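Residue strings, one per chain:
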Amino acid sequence: MKKIALFASGNGSNVQRIATFFKTNPDVEIPLVLTNNPGAGVLQRAKNLGLNTLVFSKDDFYHSQKIIDILNREGIDLVVLAGFLWLIPATMIAAFPNKIINIHPALLPKYGGKGMYGHHVHEAVIANKEKKSGITIHYVNEKYDDGQIIFQSSFDLAAEETPQSLAEKIHLQEYEHFPKVIEKLLKN
Ligand code: GRF
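Residues numbered from 1 in each chain as written. Predicted model: local features only at pLDDT ≥ 70, side-chain atom pairs only at ≥ 80, totals over all residues. Heavy atoms only, no water.

**Points about the side chain of glutamate 161**
Here is step 1 of the chain: Positionally, glutamate 161 belongs in the loop between strand 7 (149-156) and helix 7 (163-187).
Here is step 2 of the chain: Looking at glutamate 161, its side chain comes within polar contact range of the main-chain nitrogen of alanine 158, at 2.7 Å.
Here is step 3 of the chain: In this structure the side chain of glutamate 161 is engaged in a polar contact, spanning 2.6 Å, whose partner is the side chain of serine 165.
Here is step 4 of the chain: Leaving out residues up to four positions away in the same chain, glutamate 161 has contacts with Ile126, Asp156, Leu166 and Lys169. (Helix = DSSP H or I, 4+ residues; strand = E, 2+ residues; numbered from the N terminus. Polar contact = N/O pair within 3.5 Å; in protein donor to acceptor, adjacent residues only side chain to side chain. Contact = heavy atoms within 4.5 Å.)

As structure tokens, this is what we get:
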């Protein structure tokens, strides 16, 4: 049995997709969905899926062992950041070496780093007249969007692309690839 913890700060459609994907897989369990945001849509989605949730504070995350202890107690094999906005503390990276992954809605190393999330990314891609965008799944280190790249997929931007249309296309790519990449990593 492999166990995944899912972290999200917002809507949580990727969390829902991942949970649905693994629902019929008896070898993969999702013991916990964690968020820093008590108003995050992911909480309702997780509840609808029957998943346990935990809301944590800045103090819990940056000034205590609480989250690391919980992940260890649950026997988590892979930590998946799916739209999670806080930087991961060095203590947690050390506790889960090469076991924390993130998805980013652009082709890193471009359009990553602090403040580069959600519509900010898509607006920058369009403003720079990029021909392509896509998704990046990568290991997490102490910097935003900086760890080793595991997977990328890309597509051509349409001439009339808007941040909204781009976000929709990115989400479709995420739903398609993220669960499969997770599944593959769990087999290693
Ligand atoms: C995704 O596009 C992800 O790449 C980014 O934040 C978005 C989260 O969307 N990091 P959702 O909350 O899963 O709907």
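Let us keep going from here.
**Examining helix 4 (residues 66-74)**
Here is step 1 of the chain: If you check which residues of helix 4 are buried, you get Ile67, Ile68, Ile70 and Leu71. What you see down the axis of helix 4 is that its buried residues fit within an arc of 165 degrees, all on one side.
Here is step 2 of the chain: The elements touched by buried residues of helix 4 are strand 1 (2-7), strand 2 (28-35), strand 3 (53-55), helix 3 (58-62), strand 4 (78-81) and helix 5 (90-95).
Here is step 3 of the chain: Once helix 4 ends, the next one or two residues include glycine 75, with phi positive near 70 degrees. (Buried < 20%, exposed > 50% of the residue type's maximum accessible area, 1.4 Å probe, protein only. Arc of directions from axis to C-beta.)

**Describing the packing of helix 6 (residues 118-127) against helix 7**
Helices that pack against each other are described as a pair by the angle of their axes relative to one another and the distance between those axes.
Here is step 1 of the chain: Relative orientation of the contacting elements helix 6 and helix 7 amounts to 115 degrees, with a least axis distance of 9 Å. Classified by the angle their axes make, helix 6 and helix 7 are roughly perpendicular. The handedness of the crossing between helix 6 and helix 7 comes out as right-handed. Where helix 6 abuts helix 7, its residues His122, Glu123, Val125 and Ile126 lie against Pro163, Leu166, Ala167 and Ile170.
Here is step 2 of the chain: Each residue belonging to the contact of helix 6 with helix 7 can be placed in one class, and the counts come to six nonpolar, one polar and one charged. (Axes fitted to C-alpha atoms, helices over the stretch in contact; angles between N-to-C directions. Parallel < 35°, antiparallel > 145°, perpendicular 65-115°, else oblique. Left-handed = near helix turned anticlockwise from the far one by under 90°. Nonpolar A, V, L, I, M, F, W, Y, C, P; charged D, E, K, R; others polar.)

By themselves, these are just geometric observations and shouldn't be taken as functional.
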